[in-house]
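Architecture and fold: a report
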Amino acid sequence: MSAADAGALVAAGYDTWAAEVRRLAGERGALILAHNYQVPWIQDVAHQVGDSLALSRVAADTDARVIVFCGVHFMAETAKLLSPDKTVLLPDLRAGCSLADSITADQLRAWKAEHPGAVVVAYVNTSAEVKAESDICCTSSNAVDVVRSIPADTEILFLPDMFLGAHVERQTGRSMQIWMGECHVHAGIQPGDLRARMEAEPGVELMVHPECGCTTNVIYLLGEGELPADRTKVLSTGGMVAEAGSSPNTRFLVATETGILHQLRKAQPSKTFEPIDRAAECRYMKAITPESLLVAVRDGVHEITIPDDVAVRARRAVERMIQIGPSAGALRG
Ligand code: 13P
Ligand code: SF4
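In this report, the structure presented in the accompanying data block is examined. Every chain is numbered on its own, with residues counted from 1 as its sequence reads. Here chains are named by letter from A upward and ligands by number from 1 upward, in the order in which they appear as written. Confidence filtering applies because this is a predicted model: local features only for residues at pLDDT of at least 70, side-chain atom pairs given and counted only at 80 or more, and all residues used for totals across whole chains, interfaces and linings. The basis for every side-chain value is the complete set of non-hydrogen atoms in the structure, without hydrogens or water.

One heavy atom within 4 Å of a molecule or strand is enough for the residue carrying it to be called near that molecule or strand. The environment of ligand 1 is formed by His-35, Tyr-37, Asp-51, Ser-52, Met-75, Asn-125, Ser-140, His-186, His-209, Glu-211, Ser-236 and Thr-237. Separating an oxygen atom of ligand 1 from a side-chain N or O atom of His-209 is a distance of 2.8 Å. Between N or O atoms, a polar contact is any pair within 3.5 Å; within protein, one atom must be a potential hydrogen donor and the other a potential acceptor, and residues adjacent in sequence are included only when both atoms are from side chains. Note that an oxygen atom of ligand 1 is positioned 3.0 Å from one of the side-chain N or O atoms of Glu-211. Look at ligand 1: alone it shows 300 Å² of surface, and the protein chains cover 96% of it. Every accessible area reported is derived by Shrake-Rupley at a probe size of 1.4 Å, with residue values counting cover from the shown protein chains alone.

Following this line, the structure appears as structure tokens:
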């Protein structure tokens, strides 16, 4: 089958394409994982959909020989760290992450040299080289628990997301050294007048991802009593799916990448979900397309490799995170 045939299968519609993807995955013994920001077809065909922590846990536990990771490069690398004997495929190597790119291993080494004895907490949105220089990883769903696990008198270097770092500081009451990185998608989310929107609709609930540039503003407004505490939540993408299910509210405003809306609407068809910013789309996540997924399961591309010396040290940081406790994030099959 040629690449053109992959295009023809996509053109034939979801059912034809999905049947072929699942058939090829079965032949290869492959498990397809999709992040909540993937396009709807990919979320629907995947064996598991979830946030970055939940997917890391599946990668650690699976018996599948091959993992096809529909997400971005650092997520596929994390899966490879946790399953070193498995083949991990990323359908398009251009699926990077602007946040992960905001710090290099050299920059981290220089930062550590300025703070001897500090514990380095690295968000999983980092390269394997940066993880290898870190003591423990975290994701948006467990960052607070990870920081709480570190002795109170220890200095913490938190990287690379400044908005998540500020959120963790507020939640733990602990001050940290925070790297000034940001995700271009979340930093740019334009919240509009949230206070007016929440006031106008007494039944609407606001869900905000902690990477959002507006998180600090939202938490400030909460503290001032300008936003209702019972209807304002800061959550990972998996946490949003879980909250949508357990909340008595039926209307939600959602501040994160818009791919999550498909998963929310699918999980809770009787509830309504509206993005705070319709333009919040991650081009890296969307680099994975139905065609590239089909080619990946068909041809076994593109394999993720990590040099052994980096992998050994990076794995330690990820495994420490995995041991911290259960994911608050929801996982859907
Ligand atoms: P989650 O861990 O909440 O899925 O977030 C990952 C991510 O890259 C957010 O931009
Ligand atoms: Fe990275 Fe931001 Fe895209 Fe998440 S949304 S993968 S943090 S660039």
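Spatial ordering of the open sheet is given by β10-β9-β11-β12, a layout of four strands whose pairing is parallel. In the strand order of this sheet, the two ends are held by β10 (232-234) and β12 (272-275), each with one partner. Strand-to-strand twist across the sheet, computed as the mean angle between neighbouring axes with direction ignored, equals 25 degrees. In short, DSSP must find at least two bridges between two strands for them to pair. Secondary structure is summarised from DSSP: a helix means a run of H or I of at least four residues, a strand means a run of E of at least two, and numbering begins at the N terminus for each. Pairing analysis gives five bridges linking strand β9 (residues 204-208) to strand β11 (residues 251-255), with the strands arranged parallel. Paired with Val-204 across the bridge in β11 is Arg-251. Fitted lines through C-alpha atoms serve as axes, helices being fitted only where they are in contact, and the angles separating the N-to-C directions of these axes extend from 0 to 180 degrees.

This part covers the sheet that holds strand β5 (residues 119-123). The four strands are arranged β6-β5-β7-β8 in an open sheet whose pairing can be described as parallel. Looking along the sheet, the strands with just one partner apiece sit at the ends: β6 (136-138) and β8 (177-178). Relative to β6, β5 is paired through three bridges, and the arrangement is parallel. Bridge pairing in β6 places Tyr-123 opposite Cys-138. Packing against the sheet, helix α6 (residues 105-114) makes contact with β5, β7 (156-159) and β8, and its axis sits at approximately 160 degrees to β7. In what follows, a contact means two residues having at least one pair of non-hydrogen atoms within 4.5 Å.

To continue, consider the nonpolar core. Note on soluble globular proteins: their nonpolar side chains tend to be buried together. Judged by nonpolar contacts, the single largest core of 98 residues is most densely connected at Trp-17, Ile-32, Val-68, Val-121, Phe-158, Leu-206 and Leu-293. Of all the elements, helix α16 (residues 308-323) adds the most residues to this core, at seven residues. The contact partners of Leu-206, leaving out residues within four places of it in the chain, are Leu-194, Met-198, Val-218, Leu-227, Arg-231, Thr-232, Lys-233, Leu-253 and Ile-276. In terms of nonpolar packing, the next biggest core, distinct from the first, is built from twelve residues, Met-240, Val-241, Phe-252 and Leu-264 among them. We call a set of buried residues a nonpolar core when its members are Ala, Val, Leu, Ile, Met, Phe, Trp, Tyr or Cys and they connect through side-chain atoms within 4.5 Å of each other. When accessible area is computed with a 1.4 Å probe and restricted to protein chains, residues below 20% of their type maximum are described as buried, those above 50% as exposed, and intermediate ones as partly exposed.

What follows covers the packing of helix α9 (residues 162-172) against helix α12 (residues 215-223). Relative to each other, α9 and α12 sit at 25 degrees, their axes nearing to 9 Å. In terms of orientation, α9 lies roughly parallel with respect to α12. On the side of α9, the interface is formed by Phe-163, Ala-166, His-167 and Arg-170, while α12 contributes Thr-215, Thr-216 and Ile-219. Gly is put with the polar residues, along with every residue not named as nonpolar or charged; the nonpolar set is Ala, Val, Leu, Ile, Met, Phe, Trp, Tyr, Cys and Pro, and the charged set is Asp, Glu, Lys and Arg. For the contact of α9 with α12, a count of residues per class yields three nonpolar, three polar and one charged. Any angle that falls under 35 degrees is termed roughly parallel, while one over 145 is termed roughly antiparallel, one within 65 to 115 roughly perpendicular, and all others oblique.

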